[in-house]
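# Structural characterization, general
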Amino acid sequence: MAGITVGAVIFLILVGALVRMTGSGMGCPDWPKCFGQWVPPTDISQLPADYKIRFQVAGKEIADFDPYKTWIEYINRLIGVLIGLFALITAALSLPLRRLDPWITRWSAAGLVLVILQGGLGAYVVRTNLKTGIITLHMLMALLVLAAFMAAWMRTLRTQANAEPGLFRLSLAALLLTLVQILLGTQVREQIDELAIALGSDRRAEWIAGLDALYDVHKVFYYVLAAAAAAVWWQGRRSGTRALRLLSWSLPAVVAAEVLLGLGMHHLAVPAVFQPLHLLAATLLFAGLFLMTGLAWPRRPGAEQAHDEHAR
């Protein structure tokens, strides 16, 4: 169940990127309902004549009704509700395991709390009309949810890996660098959204030119991240644990995909389809490095065996 929840969270991050790609973030101007209805309208005739004023956000009239954007945002919310259910089931199933391994329960409970907070933050994003900075916090919270359930999942697998302090330090450093890069990318994305509104979707070629120095930092940071990933690969390929070796060999492919998608957006006028794929690659890189960090964790000698004896 924890593994299913991890997969669902990654899928929701991709769906969230699709919402941003299509400009559907305000497809439903209210929360938790959509245009005051539990099932959104499919045609403007189902809305009152003054709907743009009645459902105004932050004191501003909303844009013209677009059923396409409304349903994209609503489906995103439905998937969020489903993940909330998955998180609740995972936490409930973890309770009988608290004697065997209390960290399974702790991480599962933490994931459930974070999902609830993420739902509230999502409502705030809508009520503030996609306020700058809140979207970045929303992305950070999604990664924390992913990390919590991945930690619970890893504990249930009870994978026995040799402690590798050197690889642990490298993978942890690369993980933190990846987190910083994702947050930088989210802020760049916020700027692109603003430029899309100011310049229009038909002037995509001008979006990159309108970005400030933050984008330059984001580009240069990829060299740092690529170097860190290369160091993890070099150390991990010689690991005594098969899972760590496999994860190490997957790093070059994921980093290459991430960089190529970034270059494609820079040189090809930010193709819409590249945006969610770029974020998906970054999320997979984060997940892979998180797994490596957990597997290479330098446990105290005999700690796991002593815990197993106590549980029995």
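Residues numbered from 1 in each chain as written. Predicted model: local features only at pLDDT ≥ 70, side-chain atom pairs only at ≥ 80, totals over all residues. Heavy atoms only, no water.

Moving on, we get to the overall build of the protein chain. Tallying secondary structure elements over the protein chain gives 10 helices and 0 strands in all. Each helix and strand of the protein chain, placed in order from N terminus to C terminus, yields the pattern α-α-α-α-α-α-α-α-α-α. In terms of overall size, the protein chain behaves like a compact globule, its C-alpha atoms giving a radius of gyration of 22 Å where 312 residues would be expected to give roughly 20 Å. For the protein chain, the spread of C-alpha atoms along the three principal axes comes to 70 × 45 × 25 Å. Of all 312 residues assigned to the protein chain, the portion counted as buried reaches 45%. For the protein chain, the share of sequence-separated contacts (at least 6 apart) that also reach a separation of at least 24 residues comes to 75%. If you sum the accessible surface of the protein chain, you get close to 15,900 Å²; carbon and sulfur atoms cover 68% of it. Across the protein chain, the 26 positively charged side chains and the 20 negatively charged ones have centroids separated by 11 Å. (Helix = DSSP H or I, 4+ residues; strand = E, 2+ residues; numbered from the N terminus. Rg over C-alpha atoms; globule rule 2.2 N^0.38 Å. Buried < 20%, exposed > 50% of the residue type's maximum accessible area, 1.4 Å probe, protein only. Contact = heavy atoms within 4.5 Å. Areas by Shrake-Rupley, 256 points an atom, 1.4 Å probe, with all protein chains shown as cover. Lys, Arg positive; Asp, Glu negative; His and termini not counted. Charge placed at Lys NZ, Arg CZ, Asp CG, Glu CD.)

What follows is about a nonpolar patch on the surface. A cluster of nonpolar side chains, namely Met1, Ile4, Leu82, Leu85, Leu88, Ile89 and Leu93, defines an oily patch on the protein surface of about 610 Å² accessible area. With 5 residues, helix H3 (residues 67-94) is the largest single contributor of residues to the nonpolar patch. (Patch = residues over 30% accessible without salt bridge, like charges linked within 9 Å, V, L, I, M, F, W, Y side chains within 5 Å. Salt bridge = Lys/Arg side-chain N within 4 Å of Asp/Glu carboxyl O.)

Next up on the list: unusual backbone geometry. In this structure, the amide linkage connecting tryptophan 31 to the following residue, proline 32, adopts the cis form with an omega of 5 degrees. Even without being a glycine, alanine 269 presents a positive backbone phi close to 60 degrees. On the secondary structure map, alanine 269 appears in the loop between helix H8 (242-267) and helix H9 (274-295). You will see that valine 270, though not glycine, has its phi angle at about 50 degrees, which is positive. Locating valine 270 in the fold gives a position in the loop between H8 and H9. Taking relative accessible area as the criterion, valine 270 reaches 1% and is therefore assigned buried.

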